[in-house]
Amino acid sequence: MSVVQRPKEAYLNVFAYRMAPREEYFTRGHRACQGCGPALGFRHIMKAAGRDTIVVNVTGCMEIISSPYPYTSWAVPWIHVAFENAAAVASGVDAAIKALQRKGRLPKKKINILALAGDGGTADIGLQALSGMLARGHNVTYICYDNEAYMNTGVQGSSATPFGASTTTTPAGRVSFGAGYWKKNVAAIAAAHDIPYVATACPSYPLDLIRKVRRSFELEGPAYIHLFAVCPTGWGIPPELTIRMGRLAVETGIFPLYEVEYGRYKLTIDFPQGLRPVEDYLKLQRRYRHLTPEIVQQIQERVTAEYERLKKMEKVTQE
Amino acid sequence: MAKRTGIEVSIAIAEAARQANVDVVSAYPITPQTHIVEHLAQLVADGDLDAEYITVESEHTAMSACVGASAAGARVFTSTSSQGLALMNEIVYLASSLRTPVIMALANRSLSGPISIWNDHSDVMNERDTGWISIFANNGQEAYDLTLMAFRIGEDRRVMLPVMINFDGFILTHVIEPMYIFDDEEIADFIPPYEPVCVLDTDNPITMGPVGVPDIYTEAKKQQEVAIRESRPVIDEVFEEFARRYGRRYKPVETYKADDAEIVLLAQGSVIEAAEVAVDLLREQGRKVGAVELRLWRPFPFDDLREVLCGNSIKQVVVLDRCISFGGPIGPVLSEVRSALYLEKDRPMVVGVVAGLGGRDIHIEEYMEMFRIGEECLRTGKDAGEEPELVKIVGLRE
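Residues numbered from 1 in each chain as written. Chains lettered and ligands numbered in written order. Predicted model: local features only at pLDDT ≥ 70, side-chain atom pairs only at ≥ 80, totals over all residues. Heavy atoms only, no water.

Within an unreviewed UniProt entry, the label attached to chain B reads Pyruvate ferredoxin oxidoreductase, and the organism entered is Thermosulfidibacter takaii.

The name recorded for chain A in an unreviewed UniProt entry is Pyruvate synthase subunit beta, from Thermosulfidibacter takaii.

Encoded structure:
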């Protein structure tokens, strides 16, 4: 399995870290697993968000690994309250800053408010609070780091778990092929709120991720970014394959990278020569190793159709 | 100087939040709290209150947003009832653990099911151990005064704890009462601007709400327990300053004709005023009865209660619970009062009754019945512990 050789990709490979800010606000020393996709994503996100950022982080892997008292990995103000309320707590922070700046009790400078939650905390238990925050129009960027299951509690299935994946609560068995439902499309749900900015991103494409996080803060109003975050522990892959798995997810169309700015869809990384077969992505992971060719075919058809739909959305909305 | 005017109690409570110049209001509508939040929304809409009003999508988010706003340095206010409080329970506990001094007006209402929008105290008793300072008002004036004082108590840098003010749903919320409402200038310097201790500040980053590993969790809880106990002198100070400035004196435990009484009825909230009528009627018959109001619920006023109930003429206490502790010691107030007196040598007997559930009126005859139960207990010398059937629901249709 090789990383694609197209010039654009090679460019990202070589220059990523020189082009990103040097400052670190999500610092090393945390307790994440080797090859943790979310931790890598957080590092880039915080480089993009910068110093004047308040982070609201819900219960989950990233909260646990980054804040075991008395240690912290956070060089910005950071708060954790509970599991399902990143958007709710961030709404309160936003309201407080608006009121205090208006009343002259806080200096009038731009403060980025960043809500961070996993796929369980977003697609399942936190969906209502997310919808409320987006609908009310708070000045918050909400980033869901999606590792496609409840990894913190031991790889239980969430509604963001993909079709066919074996988790500890959607296990493959003698009469089951794993998760029997299709992954919930939270980015589409966010876009349906007609908010200024929605994007998908992946730490395997760091400059794309950094640009999207910055863009989300440039625009006034709520933003939602869905971060594809590879979990070697939960997916059953060697930790050194994290970056490659993220790229394969994008190259196969399993996780397309796009943004929706004021309703206009744009694929930010496209593959004019066509997508790789999903099998290239699936076959490397323990959670998919039980899949029959028929199930793989079903997934391929769904992925192709979804990608085509996205291309159509791009065409229709860019006109 | 404050004039005495007729005003709906809910409106007065909202006015108290305006006079405290709150920065953020985050609330979700629920009967019978609605008039409070509607009035606050109108105040914001008219520019009479410079605050952000967050129209949240649930009570869970209402309290979450309060915690977030408080952590960011704002003075915050919310209000709820019943199911709303039950839904926000998880974050109610976190608000005190994170030491965010959220002020909550709680229009007490029964918990479902069956669904009931009417008054009792099952909602607040469910939150008994959440680490909030909890105070009961027995009329509209008290609800207004205590809401104002709640900001002073909770936000005091020696306290930094959330405060809930309890007042009976409908019985108080929807009643127009003659009340002294302060002129804004009169109350302004009683409530100085909020100065948070720990705040989400980009110039001084802190980590709030970290993981409490077994090595530290116990100590964190101990600190919280010390904090709420040490809030008591501050509560006394604020009550005292309020009395000095405005002439209305509040005590953690109030008494009515208890000085030479043999039997007292102990209760919380608006029922105490009706109980006083029953006391007067029985006094006319020459019976030595009185009433005790347990105004401060958390921190529990152990010493005040012992001073009122022990080593004097009182031989029998009848505790009126507005909530059932299913399968347990009848009601939470009964078990706490009993527990507080347990080690006293010269203590009265304590018997419990439950009444006024889900908005059921308690009539004067029923207060009489409660005193009769007390007399019976006193006469036979049988404590409810020996004969649990003595503890009963007064006003139950059989």
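There's more to say after this.
Tell me what's going on with the overall build of chain A, and back it up with residues and numbers.
Scanning chain A from N- to C-terminus turns up 12 helices and 10 strands. For chain A, the proportion of its 319 residues judged to be buried stands at 60%. Put simply, 71% of the contacts in chain A that link residues at least 6 apart link residues at least 24 apart. On chain A, roughly 13,000 Å² of surface is accessible, and the fraction owed to carbon and sulfur atoms is 55%. Within chain A, one finds 38 positive and 28 negative side-chain charges whose respective centroids are separated by 5 Å. (Helix = DSSP H or I, 4+ residues; strand = E, 2+ residues; numbered from the N terminus. Buried < 20%, exposed > 50% of the residue type's maximum accessible area, 1.4 Å probe, protein only. Contact = heavy atoms within 4.5 Å. Areas by Shrake-Rupley, 256 points an atom, 1.4 Å probe, with all protein chains shown as cover. Lys, Arg positive; Asp, Glu negative; His and termini not counted. Charge placed at Lys NZ, Arg CZ, Asp CG, Glu CD.)

Account for the interface of chain B and chain A, with residues named and values stated.
A common way to express how large an interface is: the accessible area buried when the components associate. Counting from both sides, the interface comprises 40 residues of chain B and, opposite them, 41 residues of chain A. At the boundary of chain B with chain A, total buried surface from both sides reaches about 3,200 Å², with 60% on carbon and sulfur atoms. For the pair chain B and chain A, the interface holds 7 salt bridges. Two residues, arginine 51 of chain A and aspartate 203 of chain B, come together in a salt bridge whose shortest N-O distance is 2.8 Å. Counting every contact that joins chain B to chain A gives 21 residue pairs in polar contact (both at pLDDT 80 or more). No other element matches the 8 residues that helix H3 (residues 59–71) of chain B contributes to the side of chain B that touches chain A. Along the lines of polarity and charge, the residues of the side of chain B that touches chain A split into 22 nonpolar, 11 polar and 7 charged. In this sheet, strand S9 (residues 207–208) of chain B lies alongside strand S2 (residues 78–79) of chain A in parallel orientation, the contact comprising 2 bridges. Directly across from tryptophan 78 of chain A, in S9 of chain B, lies its bridge partner threonine 207 of chain B. (Buried area = accessible area lost by both parts, 1.4 Å probe. Salt bridge = Lys/Arg side-chain N within 4 Å of Asp/Glu carboxyl O. Polar contact = N/O pair within 3.5 Å; in protein donor to acceptor, adjacent residues only side chain to side chain. Nonpolar A, V, L, I, M, F, W, Y, C, P; charged D, E, K, R; others polar. Pairing = 2+ DSSP bridges.)

If you had to explain the environment of proline 101 of chain B to someone new, which residues and values would you point to?
Within the secondary structure, proline 101 of chain B sits in the loop between helix H4 (82–97) and strand S5 (103–108). Spatially, the C-alpha atom of proline 101 of chain B lies 8.9 Å from that of aspartate 156 of chain B, the residues being 55 residues apart in sequence.

Can you explain the pattern of salt bridges? Please cite residues and give values.
Residue and element names in this part refer to chain B. If you walk through the whole model with that rule in mind, you get 54 salt bridges over all chains. One salt bridge connects glutamate 15 with arginine 18, and the closest N-O pair in it is separated by 2.8 Å. Of the two residues, glutamate 15 and arginine 18 are both situated in helix H1 (residues 9–19); the distance of 3 residues between them amounts to about one turn of the helix. Here glutamate 15 and arginine 18 have matching classes, each one buried. Close ionic contact of arginine 18 with aspartate 184 constitutes a salt bridge, the shortest N to O distance being 2.9 Å. Of this pair, arginine 18 sits in helix H1 while aspartate 184 sits in helix H7 (residues 184–188), and the two are 166 residues apart along the sequence.

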